[in-house]
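What follows is the residue order along each chain.
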Amino acid sequence: MMKAHLIRCQNWFDAYTRSFLSGDAPLDLPLQVKIEHTAAVQANMARLAIALDGSSDDRALAEMAGLLHDVGRFPQYKQYHTFRDSVSVNHARLGLQEIGRHRVLHGLPTAARRELAFAIAHHNAFMLPAHPDRRRTLLARMLRDADKLDIWRVFKTYYCDGRRLNATVDLDLADTPGYTPAALESLRQGRMVRLVDVHNRNDFKLLQIAWIYDINLAPAFALMRDQGHLAALAGTLPSDPVLGRVVKDTLDYAARRAAGLPPSNL
Ligand SMILES: [Fe+2]
């Protein structure tokens, strides 16, 4: 039954996102990147649902969350020509407004609608707030993990595969040498890097590496290892002994979690 809803959502998403394309390739590129990203997050959600032994309805719901999580990016780009929420609008909230306005979740059971809304609303939050509903929390954790897994892929295609970097996708950051010590210190402490400490591309890579500490689910660590995007991304950082040590410790932690081991030997 959820599968039928998923197909309906997919058809809506395809038509909705197509309506934002202008036909001007450079202008449309950031949106094409988001369309590809959406398909990949949806695929990651399917993989996580299977790894977590979800039912076929659970899997369809998980895919719906992946499919709809970045709907707000399209009107955000149209109106503000940026993906920086801090200078435009919260794209998660904007997406939920669009989903409501177009009645995309019409006909879904109330519980499923609430689970989807919670996951989408918090997919880009700095931290996931505690919530007593276990299903809501699980879907939100899956979505945050699936999204990060694919953001690593997106940036890996820029930093390693030589895909032309688009300033909108890269948050308009300068490609200057060196890094901000406060960003590395957050990573060393196993904390998220704050955007105020991100001043160039290297800082942004450190921020992405620190997301490892915000990955929730064991199968997501395994997917991260198998996909290999983050390790490749880390390989593009400048060679610096202090930075290298911290990054290695972080990747070692991820490898342990992927192998199902406790976070450290201590
Ligand atoms: Fe997003």
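Keep in mind that what you see is a predicted model, and the values were worked out from it rather than measured. (Residues numbered from 1 in each chain as written. Predicted model: local features only at pLDDT ≥ 70, side-chain atom pairs only at ≥ 80, totals over all residues.)

Caption draft 1: Focus on the overall build of the protein. Regarding its fold elements, the protein presents 12 helices and zero strands. Each helix and strand of the protein, ordered N terminal to C terminal, gives the series α-α-α-α-α-α-α-α-α-α-α-α. The C-alpha extent of the protein, read off along each of the three principal axes, is 55 × 45 × 30 Å. Out of the 266 residues in the protein, the part that is buried amounts to 36%. Taking contacts inside the protein between residues at least 6 apart in sequence as the whole, the part at least 24 apart equals 64%. (Helix = DSSP H or I, 4+ residues; strand = E, 2+ residues; numbered from the N terminus. Buried ≥ 20, exposed ≤ 12 C-beta atoms within 10 Å, placed from the backbone. Contact = placed C-beta atoms within 7 Å.)

Caption draft 2: Layout of unusual backbone geometry. Of note, the phi angle at Asp53 is positive, near 60°, even though the residue is not glycine. Structurally, the position occupied by Asp53 is in the loop between helix H2 (25-51) and helix H3 (56-68). Not every positive phi belongs to a glycine, and His81 is a case in point at roughly 55°. By secondary structure assignment, the location of His81 is in the loop between helix H4 (73-80) and helix H5 (91-101). His81 sits in the exposed class, given 11 other C-beta atoms within 10 Å.

Caption draft 3: Highlighting the nonpolar core. Formed by 58 residues in total, the largest nonpolar core has its most connected members in Met45, Ala65, Leu68 and Leu139. Counting residues per element, this core draws most heavily on helix H7 (residues 134-159), at 10 residues. Shared between two domains, this core takes at least three residues from each, and those domains are domain 1 (2-146) and domain 2 (173-258). Apart from residues lying up to four places away in sequence, Leu68 is in contact with Cys9, Phe13, Gly95, Ile99, Val104, Leu116 and Ile120. (Core = buried A, V, L, I, M, F, W, Y, C linked by C-beta atoms within 7 Å. Domains from an automatic or database assignment.)

Caption draft 4: Focus on the packing of helix H8 (residues 181-188) against helix H12 (residues 241-258). One can describe the packing of H8 onto H12 by two numbers: an axis separation of 9 Å at closest approach and a directional angle of 35°. Here H8 runs over H12; the crossing is left-handed. Across the interface between the two elements, Leu184, Leu187 and Arg188 from H8 touch Leu243, Val246 and Thr250 from H12. Split by residue class, the contact of H8 with H12 holds four nonpolar, one polar and one charged. (Axes fitted to C-alpha atoms, helices over the stretch in contact; angles between N-to-C directions. Left-handed = near helix turned anticlockwise from the far one by under 90°. Nonpolar A, V, L, I, M, F, W, Y, C, P; charged D, E, K, R; others polar.)

Caption draft 5: Inspection of the packing of H5 against helix H6 (residues 110-122) at higher detail. Across the interface, H5 lies against H6 with an axial gap of 7 Å and an inter-helix angle of 150°. Residue-level inspection shows Ala92, Arg93, Gly95 and Leu96 of H5 in contact with H6, the latter providing Ala117, Ile120 and Ala121. A class-by-class count of the residues in the contact of H5 with H6 yields five nonpolar, one polar and one charged.

Caption draft 6: Seen up close, the domain arrangement of the protein. As assigned here, the protein comprises domain 1 (2-146) and domain 2 (173-258). On a C-alpha basis, the centroid separation for the pair domain 1 and domain 2 is 25 Å. Domain 1 puts 11 residues into the contact, and the matching count from domain 2 is nine residues. Sorting the residues of the side of domain 1 that touches domain 2 by element identifies H2 and H7 as the ones contributing at least two each. Of the residues assigned to the side of domain 1 that touches domain 2, the class counts are five nonpolar, two polar and four charged.

Caption draft 7: Summary view of H2. A rise of 1.5 Å per residue sets the reference length of H2, with its 27 residues, at 39 Å; its end C-alpha atoms lie 38 Å apart and thus fit the reference within 8%. Most pronounced at Leu31, the bend in H2 amounts to some 30°. Buried within H2 are the following residues: Lys34, His37, Thr38, Val41, Gln42, Asn44, Met45, Arg47, Leu48 and Ala49. Lining the buried residues of H2 we find H3, H4, H7 and helix H10 (218-227). Looking one or two residues past H2, Asp53 carries a phi angle of roughly 60°, positive in sign. (Expected span 1.5 Å × (residues − 1). Bend = angle between axes of the 7 residues up to and from the residue.)

Caption draft 8: Local environment of the environment of Phe83. Assignment of secondary structure puts Phe83 in the loop between H4 and H5. Given 21 C-beta atoms within 10 Å, Phe83 falls into the buried group. Sequence separation of Phe83 and Asp226 is 143 residues, and the distance between their C-alpha atoms is 28 Å.

Caption draft 9: Quick look at the environment of Ala62. For Ala62, the location among the structural elements is in helix H3. Here Ala62 falls in the buried class, since 30 other C-beta atoms lie within 10 Å of it. Along the sequence, Ala62 and Leu116 sit 54 residues apart, while their C-alpha atoms lie 8.4 Å from each other. Excluding anything up to four places from it in sequence, Ala62 contacts Met45, Ala46, Leu48, Ala49, Gly54, Leu139 and Met142.

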